[in-house]
Every structure is written in C-alpha cells, then in structure tokens.
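A structural walkthrough
This is what each chain is made of:
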Amino acid sequence: MKKRVLAMLLSVTMVASMLAGCGGFGETGDSGAASADTSGGSESAASGDSSAASGDAASGDKVKLKAVAVIHPLTKDPADMQWLHELEAEANVEIEWEVIRADWDTVKSTRFAAGDIPDILLCNATIDDDYIKYNGLFLELTPYLTEELTPNICAMFAEEPDTKSLATTKDGKIYGTPKFQGKWPSTNSVMFINQKWLDNLGLSMPTTFTEFKEVLTAFKEQDANGNGDPNDEIPLDYNAYSGGGEINSWFNSAYSLTSLLGGLGIQVTNTDNAGFFAEDNTVKCYAVDERYKLFMKYIADLYANGLINENALTNDYATFQSLSRGNEAGEAIVGCVFGWEQTDKFGPELHTEYAVVPPLAYDVDCEPGTYDTRWRNDYTILNMQGNRACVSAKCENPEAAMRFIDRFYDQTHSVEALFGGIADGCIEKTGDNSYKVLPPQDPSTDAGTWKWTSTFADFSPMYIRRSTEIEMAQDMTYALDARAQGYNEIIEKASTSDTYPNMFMRYTEEDQNTIALTKPNIDNIIDNQWSLWMTGEQDIDATWDAYVENVNNAGLPQILEIRQAAFDEYLKSVQ
C-alpha cells in the first residue's frame, strides 16, 4: 500500500488543471471552483500553511456553529485548547462545543434517528454505514471541496490519492473527510524479548519457531531473571481480551499471538477482525486455512508446556501492560511479549532490558524458508482513517463549517491537532517546515499519554504531510527504531495483490446487509474455537474438519464472494 501511494504521489505534479477545484472529482465538483490565483489557495496549499480562506470570513461577523467531538476520556475540553481558539479565529467562526467521552456508539443511533446532530461532527463521530442508514442527515461535501474554500483538503486528496478513495462512497459521494498522518510506522506490533535473560542463560536471539520454543523453555526452567525463584517467570505473554467479556480481540488485536501467522506466509492486516487476508489477488480467511491449523498446533504445544501465560485469556489490557513492567521488587517477570515500543511497554526502569525479535520463520516439520515470512502490515490503518469530520445537511452555513474543518488540515494545525498546540506548550515550530514535540509538562506523564491529554490526537482531522519534518518525542523515536530492526524490510514485501484493503473496499447496500446478517454467525464459531484448541480442551486434528464445515455452512463462501468482488473493483481502481 505504501509503495502504491508513493508511486501515485510521484505521478501527481500539482498542475493547475487538476486543481481548478478539487471538486472536479465529483458530479457537482465544479460548484464554487475558482482559479488558484484568485484566492491565494494554491500557493498556501502547496506550502501546507495556508491563511484563512476568503468568503463570508471577510465580513468580520463570526459565524456561530455547533460541533460535537468524540474524544478520549483523558482529553481536556476543546475550550481549553489555545490552538483551537486560533483555528476558530482564522476561520472566522465561533464554535459551541459538545464533548462526548464515552458511550457514543450507544447513544448515536437514537440521536441520528431523531435527526439530533449539530452543524459539525468530529473525531470518529460517524462511520460509512451511517450515511446509508441515515440517508439525508449528512451533507454531501463534494460541492464544497474547492481550492477556494478547502485548499488544504484538496492538497491532501491530490498528494495522497488514497485519502480521496477512502472518503468516497461506492456511488462517488463524499460525506466525511479523512485524516492522513504519514509519519507513523508500518506495523502496530513488535515482538520484544528480554535480552538480559538471554545473556543470563547464554542464549542467542531466536530466528525460527523451533528456536523460539527452546528459548521460552529455558526462560521457564532456568530462573531467567536470576532472583532465586524459578517459578515467577512468564515466558510469553499476549493480549486477546479487551475487557467486559463482549469483545474477543484474538484476530484484531495487534498484541495477540496471531501476529506470528506471518511466519507461515499469511499477510495479516489489522483492518478486519475475522481473519480475512489477500493472497495472489484472492480474498481468503486464514481462520479456515491449513496454515492456521499448523499455527494453532504450535500455540497449543507452547501452552501445554507452560510457556504461555495461562491468565492471558482473561487478563484485560491494563493487566497485560502492568505485567510487562515487572514485580514489586522491580524485576522483570515477562520474557517475551508484543508491544508498541519499549518505554511504553516496559516502563522507565525495565525498558533497557528488552530487545527486538525480528519476525520468526516457521520451521516446524519443514525447512526454514518453506514459507515466505511476513509480518502484520498496519501502515494504512495507522496513517489513514476515514470520517474525521462531517457536516449536518441542516447546517445553515456549510461554507463556514467547511472553512473551519479545512483549517484542521493546515500544516501547523495538523501537527497541533496530533501533538498539542504551540501556545499550549506542546510543540515548537523550529522552521518553515519543521516542528519539535516538547516533553510533557507533567513530568510524571509519558509522551504518549500527554498527547492524548492535550489534544484530539489520533482522533482528529489532520493532514501530516510527508514533507513535514517533526522531531518526535522519545516514544515515537523508539517505535520507529524498533521497526527498522528487521520489520520494515519484511513488511515491504506486501504488494497490492496480497494486502487486504478493507478500508477501501465498497459494498452495495444489499451486500452490506448480507455481511451484517452473516458475519456474526461466522465470527461466533471462529472466536469460540481458538481458545479451546490452545488450552487443549479440544484436539485440533480431531475437530478441524467439522469446524471448517461449520464455518462454511454459516455463510463464509458467500461472504468471500462478496468481498472478492469488492477487492476486484478496488484492484481495477489502482491499476
């Protein structure tokens, strides 16, 4: 995906014919279009730091708008974000904020059904299905996506064509604007191992599944942390439980053991929770693939030998995180685990003990290299998300609403939206095109948490340009460095034909209804089976055929046919 985006970027020359109104991609896209030199939009969009657009802003009368923002529970009120006040002033609007920190998915259906929405909805307030289910409730944005009114959004669509594809419905309309934060790495998950334990036991870094089991066995049996207690080590930990008992995260958690499936040549992506993947232009489900059977047999063997944390089945994320930070004596007790980066996962005291484990090659009952080793490819979902901002169809001043939304996509405001404001002491502008993320003002808070406290962060509309230079905080520096240690080169193997593009696939209303009715039945079978195999409650060989038959009878072939058609359509669009 990343390679295709770069290739398309090179093909875009930003010529005026393409940008006479970036609405040229829609049937009403020429509405409001103006030549680039009449508004200053072209020059400012190219620099990524445009001034507020003209229009009714010139009257001097601020337009009053209402907005709802669905934000993280830690995030402070928008009224306390100085950079947002500056953004409102530039757009010549005054926003009355409604903040939602929890349970939006529960209450939004009632509000949407009653037409109870403000002028602007921000930060995960909508999903694609809402535009079909609540037809007529949201403004179709194409007529307002012009160089005059929304130069920054137009620049994003031109420079990052995938963002336009992400925002466009099957019938060619745009209701929500996406985000692009192109500085994030290509995978959410890295496997870490306690290097100190390896050194204590005279062990080498494992490179295959067989070597990995040998290392875990030594961790379990040889008092790897050297504290005299041979029973307090957890050789391998993972997270596949999100809490509450309702959601099983085995397939869509970046920190579950399913990341190891890449060792059997399966290109996992963190964009679907039912095991769908692409291979040689074909959509498949790895949960019924023979390689998944091999993988589960390996995992069951590790579990039977006490090498996997048996409590991980029920531990929530907070417990998963705390175990990696050691015991009360400050000693490490987890040997190997999945995480984002070392300081976040292991804390300030233990993170230096851990090293990156490069992706493992599967070699159980076969030679290493039999399968083309892969790793979880999350570039798209980490750097792009749809529906960051949309507008009510009843908004009395949609031009003002869109002018305000476009300001989020300004170069400086995008960096502020992600990391916190300049005036708020979160970032520093170090040059025309460069920024520095400052240390948290609260010394007891890590950089990642401080970001979510100070701003909308990853939930926000934004366009972080590839050309923007950002001196990252320690956590992101570590995250990028970790992935440079064997992960990036593996992930770069992924091509368009074997990367499942769930975010970009579009379905008819009939197909969506079929998926909605059928998928829960499939998920129920798949989700309830893996733990029975892993813990030895059921024998994999004895139950595999019946399991596959049950999944197929629940409607998997029909779902694969629907998804294949959408995948084929996607492939045509990128050729």
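What you see is a predicted model; the values in this text were computed from it and never measured.

Each value, and the rule that gives it
- Every residue gets a number counted from 1 within its own chain, in the order that chain's sequence is written.
- pLDDT decides what is reported in this predicted model: residues at 70 or higher carry local features, side-chain atom pairs at 80 or more are listed and counted, and totals for whole chains, interfaces and linings draw on all residues regardless.
- Side-chain metrics rest on all non-hydrogen atoms present in the structure, leaving aside hydrogens and water.
- Strands are treated as partners if at least two bridges between them are detected by DSSP.
- Think of it this way: any DSSP run of H or I at least four residues long counts as a helix, any run of E at least two long counts as a strand, and we number them from the N terminus.
- Between the N-to-C directions of two axes lies an angle of 0 to 180 degrees, each axis being a line fitted to C-alpha atoms and, for a helix, fitted only over the stretch in contact.
- Here roughly perpendicular refers to angles of 65 to 115 degrees, roughly parallel to angles under 35, roughly antiparallel to angles over 145, and oblique to all remaining angles.
- Two helices cross in a left-handed way if the nearer one is turned anticlockwise from the farther one by less than a right angle. They cross in a right-handed way if the turn is clockwise.
- In what follows, residue pairs with any heavy atoms lying within 4.5 Å of each other are defined as contacts.
- Residues are grouped as follows: nonpolar covers Ala, Val, Leu, Ile, Met, Phe, Trp, Tyr, Cys and Pro; charged covers Asp, Glu, Lys and Arg; every other residue, Gly included, is treated as polar.
- In this scheme, a residue with accessible area under 20% of its type's maximum is buried, one over 50% is exposed, and one in between is partly exposed, where area comes from a 1.4 Å probe on protein chains only.

1. As for the sheet that holds strand β12 (residues 427-431)
Each strand in a sheet pairs with its neighbour through backbone hydrogen bonds, running either in the same direction (parallel) or in the opposite one (antiparallel). Pairing is mixed in the open sheet, where 3 strands are placed in the order β12-β13-β15. Each edge of the open sheet is held by one strand with a lone partner, namely β12 and β15 (469-471). Across this sheet, the average inter-strand angle for adjacent strands is 25°, counted without regard to direction. Two elements, β12 and strand β13 (residues 434-437), share 4 bridges in a ladder whose sense is antiparallel. The residue bridging Ile 427 from the neighbouring strand is Val 437, located in β13.

2. A short note on the sheet that holds strand β4 (residues 176-181)
If you trace the 6 strands from one edge of the open sheet to the other, you get β2-β1-β3-β11-β4-β14, paired in mixed fashion. Every interior strand has two partners, whereas the edge strands, β2 (93-100) and β14 (463-464), have only one. Of the pairings in the sheet, the one linking β4 to strand β11 (residues 384-391) comprises 4 bridges and is antiparallel in character. Within the sheet, the bridge partner assigned to Thr 177 lies in β11 and is Ala 389.

3. Observations concerning the packing of helix α3 (residues 82-91) against helix α15 (residues 411-419)
How two helices pack is summed up by the angle between their axes together with the distance between the axes. At their nearest, the axes of α3 and α15 sit 10 Å apart, and the two run at 150° to each other. Considered as vectors, α3 and α15 are oriented roughly antiparallel to each other. The two elements α3 and α15 meet at a crossing, and its hand is left-handed. Where α3 approaches α15, its residues Trp 83, Glu 86, Leu 87 and Glu 90 are matched on the opposing element by His 413, Glu 416 and Ala 417. Residue composition of the contact of α3 with α15, grouped by class: 3 nonpolar, 1 polar and 3 charged.

4. Notes on the environment of Glu 279
Turning to its location among the elements, Glu 279 is positioned in strand β7 (residues 276-279). As a C-alpha pair, Glu 279 and Gln 267 span 12 residues in sequence and 7.7 Å in three-dimensional space. Beyond its immediate chain neighbours, meaning those up to four positions away, Glu 279 contacts Gly 265, Lys 284, Arg 291, Ser 497 and Asp 498.

5. Looking at the pairing of β11
Along β11, 7 of the 8 residues are buried, which leaves the element largely enclosed by surrounding structure. Strand direction decides the pairing type here: strand β3 (residues 120-122) and β11, joined by 3 bridges, are antiparallel. Bridging across to β11, Leu 122 finds its partner in Ala 389.

6. Digging into the packing of helix α10 (residues 290-304) against helix α20 (residues 540-553)
Packing of α10 against α20 leaves a shortest axis separation of 11 Å and a crossing angle of 150°. Regarding α10 and α20, the two cross each other, and that crossing is right-handed. Mapping the contact onto sequence places Glu 290, Tyr 292, Lys 293, Met 296, Lys 297 and Ala 300 in α10 and Ile 540, Asp 541, Trp 544 and Tyr 547 in α20. Taken together, the residues of the contact of α10 with α20 sort by class into 6 nonpolar, no polar and 4 charged.

7. A few points about the environment of Gln 529
Position of Gln 529 among the secondary structure elements: in helix α19 (residues 509-534). Assessed through its relative accessible area of 12%, Gln 529 is described here as buried. Ignoring sequence-local partners within four residues, the contact set of Gln 529 consists of Gln 538, Thr 543 and Tyr 547.

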